[in-house]
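Now for the letters of each chain:
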Amino acid sequence: MSVAFLFVALGALALVTRTGCTDNTNGLGTDGVPELDYTDVDLGLTQRGPRFDIAHSKNVTALVGKTAQLNCRVHELGNRTVSWIRHRDIHLLTSGRMTYTSDQRFISVHNPHTEDWILKIRFPQRRDSGIYECQVGTTPPIGHRMFLSVVEPLTTILGGPELFINMGSTINLTCVVQHSPEPPPAIRWTHNDEAAPRLSCWKTNACLKT
């Protein structure tokens, strides 16, 4: 009985010595033992490890044929490996900076001085749209999913397809570009499949005078 009591007492003493608890009440408890406040004691139970920076790991919209980049930022990675997985067929695309697919359009890019791991897709097609997962090789693995939308711009002329005007008068045509994540660098006008004459401006809302 005394041996068991001595073991518990030594364990409690070791805990107090290791954590550095102090008497915050400056008083005694009902049993004559100083009352201790454990609210600020760090017992080392907080686990730190890899975590995703969601603000820098977002969904992406890309144009058909124009290189797309999915970015995954991981803090506290340590010596763990980052992999990219395509959910459509649960296919491992890259692991670290190595590519594990015969489709050479997929490339893993990482600058050792950053926490960003990038999946680059060259010449993306609409079939490449879908969910991609950035996965960290912990036990068990943790992952963050992103959605890639590959779109093809659609152009329409306001008021079309036919407009009627008086001969010799001026007409302003407005071209609307839809499903484009960024303004096109230029708008090319054609007339009867030939370059349109007397082009007056090159803007997203372009105008053509005939």
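A short tour of the structure in this document, coming up. Since the model is a prediction, treat every value here as computed from it, not as a measurement.

## Regarding the overall build of the protein
(1) Moving on: Each helix and strand in the protein was counted, giving 1 helix and 14 strands.
(2) Moving on: Counting across all 210 residues of the protein, residues that qualify as buried make up 27%.
(3) Moving on: Considering only contacts in the protein between residues 6 or more positions apart, those separated by 24 or more positions represent 48%.
(4) Moving on: Accessible surface computed for the protein: about 14900 Å², of which carbon and sulfur atoms make up 55%.

## Some thoughts on the sheet that holds strand β7 (residues 106–110)
(1) Moving on: One open sheet holds the 4 strands; their spatial order is β1-β3-β8-β7, and the pairing between them is antiparallel. Here the strands that pair on one side only, and so sit at the sheet edges, are β1 (51–52) and β7.
(2) Moving on: Here 5 bridges tie β7 to strand β8 (residues 116–121), and the two strands are oriented antiparallel to one another. When the bridges of β8 are listed, His 110 appears paired with Trp 117.

## Quick look at the environment of Asn 79
(1) Moving on: With respect to the helices and strands, Asn 79 occurs in the loop between β3 (68–75) and β4 (82–86).
(2) Moving on: For Asn 79, a relative accessible area of 74% corresponds to the exposed category.
(3) Moving on: Sequence separation between Asn 79 and Gly 137 is 58 residues, and the spatial gap between their C-alpha atoms is 9.4 Å.

## Regarding the side chain of Arg 86
(1) Moving on: With respect to the helices and strands, Arg 86 occurs in strand β4.
(2) Moving on: The exposure class of Arg 86 is buried, given its relative accessible area of 10%.
(3) Moving on: Reaching out from Arg 86, the side chain makes a polar contact with the side chain of Asp 89 at a distance of 2.8 Å.
(4) Moving on: For Arg 86, the residues in contact, after removing those within four places along its chain, are His 91, Leu 93, Phe 106, Ile 131 and Tyr 132.

## Observations concerning the layout of surface pockets
(1) Moving on: Each pocket or cavity is described by its volume, and for the second largest pocket that value is around 160 Å³.
(2) Moving on: Around the second largest pocket, the lining residues are Leu 63, Lys 66, Pro 153, Thr 155, Val 177, Ser 180, Glu 182, Pro 183, Pro 184, Pro 185, Ala 186 and Ile 187.
(3) Moving on: The class makeup of the residues in the lining of the second largest pocket is 8 nonpolar, 2 polar and 2 charged.

## Notes on a nonpolar patch on the surface
(1) Moving on: Taken together, the side chains of Leu 92, Met 98 and Tyr 100 define a hydrophobic patch exposed on the protein surface, amounting to about 310 Å² of accessible area.
(2) Moving on: The class for Leu 92 is partly exposed, based on a relative accessible area of 34%.

## So, the pattern of salt bridges
(1) Moving on: All told, the structure shown has 5 salt bridges when counted by the stated rule.
(2) Moving on: Note that Arg 105 is salt-bridged to Asp 103, the shortest N-O span being 3.0 Å.
(3) Moving on: In this structure, the salt-bridge partner of Arg 145 is Glu 133, at a minimum N-O distance of 3.6 Å. Separated by 12 residues along the polypeptide, Arg 145 in strand β10 (residues 142–151) and Glu 133 in strand β9 (residues 130–136) bring together distant segments of the chain.
(4) Moving on: Taking relative accessible area as the criterion, Glu 133 reaches 11% and is therefore assigned buried.
(5) Moving on: A single salt-bridge network, built from bridges that share partners, covers Asp 103, Arg 105 and Asp 128.

## Focus on the nonpolar core
(1) Moving on: Membership of the largest hydrophobic core comes to 21 residues, with the highest contact counts inside it found for Leu 70, Val 74, Trp 84, Leu 119, Tyr 132, Cys 134 and Leu 148.
(2) Moving on: Of all elements in the fold, only β2 (60–63), β3, β4, β8, β9 and β10 reach the threshold of two or more residues within this core.
(3) Moving on: With 4 residues, the single largest contributor to this core is β3.
(4) Moving on: Membership of the second largest hydrophobic core comes to 7 residues, among which are Ile 171, Leu 173, Trp 189 and Ala 196.

## A few points about unusual backbone geometry
(1) Moving on: Backbone torsion omega between Thr 139 and Pro 140 reads -5°, so that peptide bond is classified as cis.
(2) Moving on: In this fold, Pro 140 is placed in the loop between β9 and β10.
(3) Moving on: A positive phi angle, close to 55°, is found at Glu 76, a residue other than glycine.
(4) Moving on: Mapped onto the fold, Glu 76 is located in the loop between β3 and β4.
(5) Moving on: Its relative accessible area of 39% is what places Glu 76 among the partly exposed residues.
(6) Moving on: Positive phi, normally seen in glycine, also occurs at Ile 90, with a value near 50°.
(7) Moving on: Overall, the relative accessible area of 64% leaves Ile 90 in the exposed class.

Conventions we followed
- Residues numbered from 1 in each chain as written.
- Predicted model: local features only at pLDDT ≥ 70, side-chain atom pairs only at ≥ 80, totals over all residues.
- Heavy atoms only, no water.
- Helix = DSSP H or I, 4+ residues; strand = E, 2+ residues; numbered from the N terminus.
- Buried < 20%, exposed > 50% of the residue type's maximum accessible area, 1.4 Å probe, protein only.
- Contact = heavy atoms within 4.5 Å.
- Areas by Shrake-Rupley, 256 points an atom, 1.4 Å probe, with all protein chains shown as cover.
- Pairing = 2+ DSSP bridges.
- Polar contact = N/O pair within 3.5 Å; in protein donor to acceptor, adjacent residues only side chain to side chain.
- 1 Å grid on protein atoms, 1.4 Å probe; cavity = no way out; pocket = protein on both sides within 12 Å on 5 of 7 lines; lining within 4 Å.
- Points joined across faces, edges and corners; volume = space filled by probe spheres on them.
- Nonpolar A, V, L, I, M, F, W, Y, C, P; charged D, E, K, R; others polar.
- Patch = residues over 30% accessible without salt bridge, like charges linked within 9 Å, V, L, I, M, F, W, Y side chains within 5 Å.
- Salt bridge = Lys/Arg side-chain N within 4 Å of Asp/Glu carboxyl O.
- Core = buried A, V, L, I, M, F, W, Y, C linked by side-chain atoms within 4.5 Å.

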